[in-house]
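Single-letter residue listing:
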Amino acid sequence: MTDRVALVTGAARGIGRGIVERLARDGFRVVGVDLAEASPGPARMVRADVGDPDAVSAVVAGIEATEGRLDAVVSNAGMMKRAPLDELAPGDWDRVIRTNLTAAFLLARASAPLLRRQGGAIVTIASTRARQSEPETEAYAASKGGLVALTHALAISLGPAIRVNCVSPGWIATRGEPLRAEDHAQHPAGRVGTVEDVAGLVAWLIGPEAGFVTGAEFVVDGGMTRKMIYAE
């Protein structure tokens, strides 16, 4: 695994940073992409807007020139804009879709030639909000639902050379926020998720043991989307 190269977007913090650290521990050379500056870590960091086709092409070209190969792409970059429906500006809608969904398409298109050489893998990071919602999250929910569909479309188009799978996290503690006992207890698994929960699954999906897995969505939510919740 020491020669393998992974590209992770949204790599400066949260789930993306956790994925970077896990893959680096597993021996990958990791290239992280983010708009924000990142503290020193195990990845070669590149500042870029992954919703910009030219920027994505430049990132992939830089990997070919610097690392010489690409084995895995993890499309994790994302953002949310909460607003009442009648106040959600079309520009804000477009920005969320571009960052969360279009970026994954651009990365797949740009990286496919390099991934094909290595028999590589793509993992998209969607959300359980692709299947359930809170109010005022239309753009985010639509983008994550689109990622789930994009994943299986890419798996069919790019297979068998490239496998493509999706991870849909639920509540993952990413900011060090204080958590209450009831926050954990409401989960059938007994706790809120951690970035390591997501990173471990991503590491498996891009590894050789998942060689027969493609076009699939994996929900990592402690069982919450399987739990019926009605007011008593």
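Calculation notes
Residues numbered from 1 in each chain as written. Predicted model: local features only at pLDDT ≥ 70, side-chain atom pairs only at ≥ 80, totals over all residues. Heavy atoms only, no water. Helix = DSSP H or I, 4+ residues; strand = E, 2+ residues; numbered from the N terminus. Rg over C-alpha atoms; globule rule 2.2 N^0.38 Å. Buried < 20%, exposed > 50% of the residue type's maximum accessible area, 1.4 Å probe, protein only. Contact = heavy atoms within 4.5 Å. Areas by Shrake-Rupley, 256 points an atom, 1.4 Å probe, with all protein chains shown as cover. Lys, Arg positive; Asp, Glu negative; His and termini not counted. Charge placed at Lys NZ, Arg CZ, Asp CG, Glu CD. Axes fitted to C-alpha atoms, helices over the stretch in contact; angles between N-to-C directions. Parallel < 35°, antiparallel > 145°, perpendicular 65-115°, else oblique. Left-handed = near helix turned anticlockwise from the far one by under 90°. Nonpolar A, V, L, I, M, F, W, Y, C, P; charged D, E, K, R; others polar. Expected span 1.5 Å × (residues − 1). Pairing = 2+ DSSP bridges. Salt bridge = Lys/Arg side-chain N within 4 Å of Asp/Glu carboxyl O.

S.K.: Looking at this model, I keep getting lost on the overall build of the chain. Mind explaining?
M.R.: Each helix and strand in the chain was counted, giving 6 helices and 9 strands. The globule rule puts the C-alpha radius of gyration for 232 residues at 17 Å, and the 17 Å found for the chain is close to it. If you line up the chain on its principal axes, its C-alpha atoms span 60 × 40 × 35 Å. Expressed as a percentage of its 232 residues, the buried residues of the chain come to 47%. In the chain, the share of contacts with a sequence separation of at least 24, taken over all contacts with a separation of at least 6, comes to 66%. Of the roughly 11,400 Å² that the chain leaves accessible, carbon and sulfur atoms contribute 53%. Here the chain contributes 25 positively and 27 negatively charged side chains, and the mean placements of these two sets differ by 5 Å.

S.K.: How do you make sense of the side chain of Thr-137 when you look at a structure like this?
M.R.: Turning to its location among the elements, Thr-137 is positioned in the loop between strand S5 (121–125) and helix H4 (138–158). Setting aside residues up to four positions removed in sequence, Thr-137 forms contacts with Met-80, Arg-82 and Arg-129.

S.K.: Would you mind going over the packing of helix H2 (residues 53–66) against helix H3 (residues 90–118) with me for this structure?
M.R.: A pair of packed helices is captured by two measures, namely the crossing angle of their axes and the spacing between those axes. Look at H2 against H3: their axes get within 8 Å of each other, and the N-to-C directions meet at 20 degrees. Looking at the two axes, H2 sits roughly parallel to H3. The way H2 lies across H3 gives a crossing that is right-handed. Facing Pro-53, Val-56, Val-60 and Glu-64 of H2, the residues of H3 in contact are Leu-106, Leu-107, Arg-109, Ala-110, Ser-111, Leu-114 and Arg-117. Residues of the contact of H2 with H3, tallied by class, amount to 7 nonpolar, 1 polar and 3 charged.

S.K.: Is there a simple way to think about helix H1 (residues 14–25) in this case?
M.R.: Given 3.6 residues to a turn, an α-helix orients residues that are three or four positions apart in the same direction. Spanning 12 residues, H1 covers 17 Å between terminal C-alpha atoms, matching the ideal 16 Å at 1.5 Å per step. Downstream of H1 by a residue or two, Gly-27 has a phi angle that is positive, lying close to 105 degrees.

S.K.: Hey, could you run me through the sheet that holds strand S2 (residues 29–34) in this one?
M.R.: The pairing of strands in a sheet comes from backbone hydrogen bonds and takes either a parallel or an antiparallel form. What the 7 strands build is an open sheet, ordered S3-S2-S1-S4-S5-S6-S9; its pairing is parallel. Taken across any chain shown, the strands that pair with only one partner, and hence form the sheet edges, are strand S3 (43–47) and strand S9 (217–220). Geometrically, the sheet is characterised by an average inter-axis angle of 20 degrees between neighbouring strands, direction not taken into account. Sheet topology places S2 next to S3; 5 bridges connect them, and they run parallel. Paired with Gly-32 across the bridge in S3 is Met-45. Packed on one face of the sheet, H1 meets strand S1 (5–9), S2, S3, strand S4 (72–75), S5 and strand S6 (163–169) and runs near 170 degrees to S1. Where helix H6 (residues 195–205) meets the sheet, it contacts S4, S5, S6 and S9, and its direction lies at approximately 170 degrees from that of S6.

S.K.: Sorry if this is basic, but what is going on with the pattern of salt bridges here?
M.R.: A side chain with one charge may pair with a side chain of the opposite charge, provided their charged atoms come close. Across all of its chains, the model carries 15 salt bridges by this definition. The salt bridge involving Asp-92 is made with Arg-95; its shortest N-O contact spans 3.9 Å. Of this pair, Asp-92 and Arg-95 both sit in helix H3, 3 residues apart, which is roughly one turn of the helix. Taken together, the salt bridges that share partners define one network made up of Arg-4, Arg-69 and Asp-71.

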